[in-house]
Amino acid sequence: CKEKCSRVLKVDDKNRKALFRRGMAHRKLNLYELARADLDKAKEVLGDKKDAAIERELKLLEKDEKNADKVFYAKMKNQFKKAQKQKDKKKAEKLEQRKKAEQEEAAKDDNPNLKANANADGGAGDDLFVWDQPQSEAAQNTQTQTTETNVAQTETQTTAAVGKDKTTEQPSEF
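A. Broad picture of the overall build of the protein chain. A count of helices and strands for the protein chain gives six helices and zero strands. The linear arrangement of helices and strands in the protein chain, starting from the amino end, is α-α-α-α-α-α. The buried share among the 174 residues of the protein chain stands at 12%. For the protein chain, long-range pairs separated by at least 24 residues make up 34% of all intrachain contacts whose partners lie at least 6 apart in sequence.

B. Spatial organisation of the packing of helix α3 (residues 32-46) against helix α4 (residues 52-107). Viewed as axis vectors pointing N to C, α3 and α4 meet at an angle of 160 degrees, and their least axial separation amounts to 10 Å. Looking at the two axes, α3 sits roughly antiparallel to α4. Regarding α3 and α4, the two cross each other, and that crossing is left-handed. Contacts between α3 and α4 involve Tyr32, Ala35, Arg36, Leu39, Asp40, Ala42, Lys43 and Leu46 from the former and Ile54, Glu55, Glu57, Leu58, Leu61, Glu62, Asp64, Glu65 and Ala68 from the latter. When its residues are assigned to classes, the contact of α3 with α4 shows nine nonpolar, no polar and eight charged.

C. Quick look at the pattern of salt bridges. Within the structure shown, the criterion is met by seven salt bridges. For the salt bridge of Arg27 with Glu57, the shortest nitrogen-to-oxygen distance reads 2.4 Å. Of the two residues, Arg27 sits in helix α2 (residues 16-28) while Glu57 sits in helix α4, which places them 30 residues apart along the sequence. Exposure class is identical for Arg27 and Glu57. Each is buried. Residues Arg27 and Asp64 are paired through a salt bridge, measuring 2.7 Å at the closest nitrogen-oxygen approach.

D. Structural context of the packing of aromatic side chains. Under the counting rule described, the total for this entry stands at one aromatic pair. When the ring of Phe72 is compared with that of Tyr73, the centres are 5.5 Å apart and the planes differ by 65 degrees; the resulting orientation is edge-to-face.

E. Up close: the packing of α2 against α4. The contact between α2 and α4 brings their axes to 11 Å, and the two run at 15 degrees. Viewed along their axes, α2 and α4 adopt a mutual orientation that is roughly parallel. The handedness of the crossing between α2 and α4 comes out as left-handed. Facing Phe20, Met24 and Arg27 of α2, the residues of α4 in contact are Ala53, Ile54, Glu57, Leu60, Leu61 and Asp64. Looking at the contact of α2 with α4, its residues break down into six nonpolar, no polar and three charged.

F. Summary view of the side chain of Asp38. With respect to the secondary-structure elements, Asp38 resides in helix α3. Beyond its immediate stretch of four places on either side in the chain, Asp38 contacts Leu19, Arg22, Gly23 and His26.

G. View of unusual backbone geometry. Of note, the phi angle at Asn30 is positive, near 65 degrees, even though the residue is not glycine. By secondary structure assignment, the location of Asn30 is in the loop between α2 and α3.

H. Focus on the nonpolar core. In terms of nonpolar packing, the biggest core is built from 13 residues, with Leu39, Ile54, Leu58 and Leu61 touching the most fellow members. Elements that contribute at least two residues to this core include exactly α1 (2-11), α2, α3 and α4. Residue contributions to this core peak at five residues, all from α3. Sequence-distant contacts of Ile54, that is, excluding residues within four places in its chain, are made with Phe20, Leu39, Ala42, Lys43 and Leu46.

I. Geometry of the confidence of the model for the protein chain. Looking at the protein chain, pLDDT values average 77 and 62% of them are 70 or higher. Within the protein chain, the lowest mean pLDDT, 55, falls on helix α5 (residues 115-119), and the highest, 90, falls on α4.

J. Region of interest: α2. Helix length check: α2, at 13 residues, gives a terminal C-alpha distance of 19 Å against a target of 18 Å (1.5 Å per residue), a fit within 8%. Restricting attention to buried positions, one finds in α2 the residues Ala18, Leu19, Phe20, Arg22, Gly23, Ala25, His26 and Arg27. The N-capping residue of α2, defined by a side-chain oxygen 3.1 Å from the backbone nitrogen of Lys17, is Asn15. Among the residues trailing α2, Asn30 stands out with phi positive, at a value near 65 degrees.

What counts, and at which threshold
Residues numbered from 1 in each chain as written. Predicted model: local features only at pLDDT ≥ 70, side-chain atom pairs only at ≥ 80, totals over all residues. Heavy atoms only, no water. Helix = DSSP H or I, 4+ residues; strand = E, 2+ residues; numbered from the N terminus. Buried < 20%, exposed > 50% of the residue type's maximum accessible area, 1.4 Å probe, protein only. Contact = heavy atoms within 4.5 Å. Axes fitted to C-alpha atoms, helices over the stretch in contact; angles between N-to-C directions. Parallel < 35°, antiparallel > 145°, perpendicular 65-115°, else oblique. Left-handed = near helix turned anticlockwise from the far one by under 90°. Nonpolar A, V, L, I, M, F, W, Y, C, P; charged D, E, K, R; others polar. Salt bridge = Lys/Arg side-chain N within 4 Å of Asp/Glu carboxyl O. Phe/Tyr/Trp six-rings, centres within 6.5 Å; stacked < 30°, edge-to-face > 60°. Core = buried A, V, L, I, M, F, W, Y, C linked by side-chain atoms within 4.5 Å. pLDDT = per-residue confidence, 0-100. Expected span 1.5 Å × (residues − 1). Polar contact = N/O pair within 3.5 Å; in protein donor to acceptor, adjacent residues only side chain to side chain.

Right, here's the structure in full:
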């Protein structure tokens, strides 16, 4: 219809019926600006006369334009919501990654006094080096006695060695 009306308007650009029909076709194709131009031109061709069909078509055109705007803004609003959700999701993922990294950093402690780090050596010397467990009183007493015995033995050995050195020393000539 649009093409046929355009052919007629090439020959007679003031054909009221062709302008009206092409305006209707443009409205139905959602080409609202072209429809308004054709319907306004058809109204001008009439002059002072009023045509109910043209008036009705202009009202339908306004209604369709408003509905199209509502649909357009609703789609745009939905797209903004989706974009915001994606943005919030990315923020949440980054925050979660940051928290995991902080937890891993907190879990990774280089303090050698912790049993977990002492076990990281493969358990070598666990019986000798246990820092974070309190000892029982009996174990403390036996350890203290062992330490005192070792100190006493060391002192006797050093005094015996000193005594040997004194006997083998030569008196000085001065």
